[in-house]
Each structure stands twice: as structure tokens, then as C-alpha cells.
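Observations on the three-dimensional arrangement
Listed here are the chains, written in short residue letters.
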Amino acid sequence: MRVLRWLTYLEPIWLLVMLVTFWQFSPERDAWLPLLYLTPLFWGARWLSYRRLGSFTPLTFWLLALVGLMALNVYTAPFTWYNRTVNGLFILGRPLLGMLLIFYFIEYARNYKKTNLLLTATTILGLLLGIIALVATQWNNKSDQLGVILDLLPVMLNLPGMKGGFNANEIAGALIYLLPVLAALAVYRWRLKLPRMGVSIAFILVFAALFLGQSRLAIIGMLAALGLVAWLVAPAGRWRSLALLVVILVGIFQVLIMNNVFDLGRRSSMRARDEISYSNRTGMWRSALAIIQDYPLTGVGMNMYRAAPVRQLYPVKNYETRVLPHAHNEWLQLGADLGVPGLIGFAGLYLITAYMLLVSYQRGSDDMKALAVGVFAGLIAHGVFGMGDAIPWWDRFSFVFWWLLALAGAAYIHTKNRDRLTR
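Residues numbered from 1 in each chain as written. Predicted model: local features only at pLDDT ≥ 70, side-chain atom pairs only at ≥ 80, totals over all residues. Heavy atoms only, no water.

**As for helix α11 (residues 197-213)**
- With 17 residues, α11 extends 24 Å from end C-alpha to end C-alpha; this agrees with the ideal 24 Å at 1.5 Å per step.
- By the burial criterion, the buried members of α11 are Val199, Ser200, Ala202, Val206, Ala209, Leu210, Phe211, Leu212 and Gly213.
- Among the structural elements, α8 (116-136), α9 (147-150), α10 (168-192), α12 (216-232) and α13 (238-258) are those in contact with the buried residues of α11.
- Backbone geometry just after α11 places glutamine 214 at a positive phi near 55°. (Helix = DSSP H or I, 4+ residues; strand = E, 2+ residues; numbered from the N terminus. Expected span 1.5 Å × (residues − 1). Buried < 20%, exposed > 50% of the residue type's maximum accessible area, 1.4 Å probe, protein only. Contact = heavy atoms within 4.5 Å.)

The structure is reproduced here in C-alpha cells:
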């Protein structure tokens, strides 16, 4: 029995190895995907040690239903022949890893009746993503007015596993998930004079990378999210007022940048660029809508919006020979890949998670209240980003989405445990 208990202690190491290896592109990633086959080993050890496979939350059945939907989609969607030729069922790898994170975070909160290690891991994740974004982002002309700062940063576009660096919008979609969580944790820790240096530095790095990248929808979402965190987590009085004032000032500065106040000579060229960008996006959205109309039950298949056969049938102007990775709208992307059932699944995840966060905020301890606000604000902020861009579930940054759901699950089960102890 002691050996089995030690095996459960190795589960976070196993998940960490998968996070690192699943970060890779194919075929390197596919070589490591059999790590998923170890799932029964760890879950069996959990059953023998604790007499349960996992703790029930409102997310449990929904996640299992999504696994079934995606597995069925491999064999029913019209372009799965292409999918099976490339990597078969391995397309499920990244979503499955995300769901395993959720189950582990929930079990950790239940077994240890605390979330300290999970929050420390979140801080470390923020530090890593913030540093990576600052040195390996492909800055574009939207950031030119901040060139004085960008020129001071090192450029490392060929780091291991990150060859070529990251598109500024792509990494912004991951950063915007984490920023409000880090903000809420930092404010809470400063308020109670708890150790806060690590989470504060992580917040500063992620904020800097996000602002320098100038992904506009991400920044709009960021401002709304930080305003919510300031209102609900910062202590009432002058500190809350000061926090809200800082958010407003950042918003004003962003408006000045968007209007090229610091470089009036480029105003017309940037306006033309924005018009072209909007025109391109509407073409992508129409393409995704056409797919949903033609294949409402299945979509074209997971990660198939980008596939060459689909692009030929549903072309987008200016992308006849260019790679089009996604539909630049997360709802339309999931609808194109998984059909209407995928849209229902996505909406359900948000609604169920919102319910769990509400329970944590209303009945949880002060630290869980702060965490609940941060996660909710992160999902809202990314939701704004997702109206004009996307991180599909099959993307390497998608694990951050599941990480936030995992934190929501941990906060919920921690709150339920606390309720039982106080009865």
C-alpha cells in the first residue's frame, strides 16, 4: 500500500513531463503521447490508496461527455481520414492532458485540504510565460510606439522547443488567462502582508509582455479584468480607488497608442492595416460559419479548419497559399471543428465553471474568494480576446485554459471541504 501511495506522489511529475513534451510540435510530440497510456496506472493507484478514482464536481460528467464527443468525432467528422493519416487519436492528446490537470488539482485540494502548492505552481507558470514572452515574441508594427522599451529586451527566437518565437497575438491569448489570477493573488497577499514577491514579479512580467505585444482585444479584456480584480479584491478605501485609477490611466495610455499619438506620421498606415485585418477576419468567420452550416453535427473534424482540403473547399481571401491556423474566433473555431455539440460543450464548461467560482466566492475562505475572482476575471478577459482571435484546444498554449478550470475546481472542492468541517 505504501508503494501505491508513493506512486500517487509521482503523478504531478508525470503531468509536468507531459506538459513539457506536449509543448512540442509533431512528430516530436507524437513520440511522447503514449505517456497518456500511464493514466490507468496512476488512477488505479489512487483507487487502491483512497478508494476513489476522483472527486465529483459539477465538471466531472461534462468533461467525460466531452471526451466521448471528441473520440466520436474522430470517426464521424468528414475529414477524419486526413486526421487519422497524420496522427490518429493523438489529436485528443492536449485536451486530455488538460482534463487530467483538472482531476489532479481537484484531488490535491481534497487530499491536502489546501491549495498552496497549486498557487505556487501557477506563480511559477506566470514567471516562465512572462520571461518567454518578453524574449521570444515576434513583435510587430503595432508595438512600434513602444520601440524604446523593446530595443532594451534580448531577442531569443530559437530557444529549445520555441524555434521562431511566438506570434504576439498567440502568446497574448495565454498571458491574458493568467494575468488576472496573478493580480488577484498579489493584491490578496499584499493586503494581508503575506509573502508576495514571487507572484508580484510574475504579474509585472506578464503585464509587461502583454502590453508590449499590443494585442488589442487582449488588452481590452485585461483592463476589464483588472478593474474587476481591483473592485472585488483590493481593500475598500484609498487602495481600491488607487488601483482603479491605475487601470483607468493604463486604459487612457492604450487609447493614445491605438490612435498613434506618439507617431502621428503612421496614423493612416495603421488605420489601413486595421481595416485589412478586420476584412481578413470577416472572411475567416464566414468560412467557419459555412462549415457549421454544412456540418452542424460534427464540424469538419478536430483541428481540421486549417487542413488543406478544408481550405480548398472553404477558401478565405488573401489566404489562398498562406497557412490559416484557426478561425480567429474561439466559438466559431470550435463550431467548425466539432459542430454544434462542440459549441454546447464549450458553453457548458464556462457556465459550470462560473457556478463553481460563485460558490467559492460566496462561501470560501478569503484566499479562495481572491482566487475565484482572479480565475473568473481571467476567463472573461480571454473571452474578449477570443471574439477576434483564438487558441484552439489543439494548440500548445491551450493547457493554460485547462489550468484555470483546474484552479476553479480546486477552489470549489476546497470550499466544499471547509463547509463540511464547519458544520
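**Digging into the pattern of salt bridges**
- Tallied over the full model, the rule gives 3 salt bridges.
- Of the charged contacts in the structure, one is a salt bridge between arginine 46 and glutamate 11, with a shortest N-O distance of 2.7 Å. Here glutamate 11 lies in helix α2 (residues 11-22) and arginine 46 lies in helix α4 (residues 39-50), a separation of 35 residues in the sequence. Each member of the pair, arginine 46 as well as glutamate 11, carries the same accessibility label: buried.
- For the salt bridge of arginine 396 with glutamate 170, the shortest nitrogen-to-oxygen distance reads 4.0 Å. Pair noted here: arginine 396 is in the loop between α17 (366-385) and α18 (399-422) and glutamate 170 is in helix α10, with a separation of 226 residues, a long-range link. For the pair arginine 396 and glutamate 170, a shared accessibility class is recorded, and that class is buried. (Salt bridge = Lys/Arg side-chain N within 4 Å of Asp/Glu carboxyl O.)

**Topic: a nonpolar patch on the surface**
- A surface patch of nonpolar side chains, about 1,000 Å² in accessible area, is lined by Trp239, Leu242, Leu245, Val246, Ile248, Leu249, Ile252, Phe253, Leu256, Val261 and Phe262.
- Relative to the assigned elements, phenylalanine 262 resides in the loop between α13 and α14 (267-294). (Patch = residues over 30% accessible without salt bridge, like charges linked within 9 Å, V, L, I, M, F, W, Y side chains within 5 Å. Areas by Shrake-Rupley, 256 points an atom, 1.4 Å probe, with all protein chains shown as cover.)

**A look at the nonpolar core**
- In terms of nonpolar packing, the biggest core is built from 115 residues, with Trp393 and Phe401 touching the most fellow members.
- Tallying contributions element by element places α10 first for this core, with 15 residues.
- With sequence-adjacent residues up to four places away left out, phenylalanine 401 is seen in contact with Tyr177, Phe346, Leu349, Tyr350, Leu379 and Trp393.
- Ile292, Tyr319, Ala327 and Leu332 belong to the second largest nonpolar core, which has 17 residues in total. (Core = buried A, V, L, I, M, F, W, Y, C linked by side-chain atoms within 4.5 Å.)

**Observations concerning the environment of glycine 126**
- Position of glycine 126 among the secondary structure elements: in helix α8.
- A residue is classified by how much of its surface remains accessible, and glycine 126, at 0% relative accessible area, is buried.
- The sequence separation of glycine 126 and valine 199 amounts to 73 residues, and the corresponding C-alpha distance is 8.1 Å.
- Setting aside its immediate chain neighbours within four residues, glycine 126 contacts Leu178, Leu182, Ala202 and Val206.

**Here we look at the side chain of aspartate 395**
- Mapped onto the secondary structure, aspartate 395 falls in the loop between α17 and α18.
- Buried aspartate 395, no salt bridge; nearest opposite-charge side chain is arginine 396, N-O distance 5.6 Å.
- Dropping the residues within four chain positions of it, aspartate 395 is found in contact with Arg94 and Glu170. (Lys, Arg positive; Asp, Glu negative; His and termini not counted.)

**A look at the packing of aromatic side chains**
- Enumeration over the complete set of coordinates arrives at 24 aromatic pairs.
- Relative to tyrosine 112, the ring of tyrosine 108 lies with its centre 4.7 Å away and its plane at 40°, an arrangement referred to as tilted. Residue tyrosine 108 and its partner tyrosine 112 are located together in helix α7 (residues 93-112), separated by 4 residues, close to a single helical turn.
- Pairing phenylalanine 346 with tyrosine 350 gives two aromatic rings, centres 5.2 Å apart and planes at 90°, and the pair type is edge-to-face. Pair noted here: phenylalanine 346 and tyrosine 350 are both in helix α16 (residues 330-363), with a separation of 4 residues, about one helical turn. (Phe/Tyr/Trp six-rings, centres within 6.5 Å; stacked < 30°, edge-to-face > 60°.)

**Some details on the environment of threonine 39**
- Here threonine 39 is to be found in helix α4.
- Judged by its relative accessible area of 16%, threonine 39 is buried.
- Distance in space between the C-alpha atoms of threonine 39 and glutamate 11 is 9.2 Å, their sequence separation being 28 residues.
- Among all residues touching threonine 39, those that are not within four sequence positions of it are Trp14 and Leu100.

**A look at empty space enclosed by the protein**
- Inspection of the entire model under this criterion finds 2 cavities of 30 Å³ or more.
- For the largest cavity, the calculated volume is near 100 Å³.
- Taken together, Tyr177, Glu330, Gln333, Leu334, Phe346, Ile391, Pro392, Trp393, Trp394, Ser398 and Phe401 form the lining of the largest cavity.
- Here the lining of the largest cavity takes 4 residues from α16, the largest share from any one element. (1 Å grid on protein atoms, 1.4 Å probe; cavity = no way out; pocket = protein on both sides within 12 Å on 5 of 7 lines; lining within 4 Å. Points joined across faces, edges and corners; volume = space filled by probe spheres on them.)

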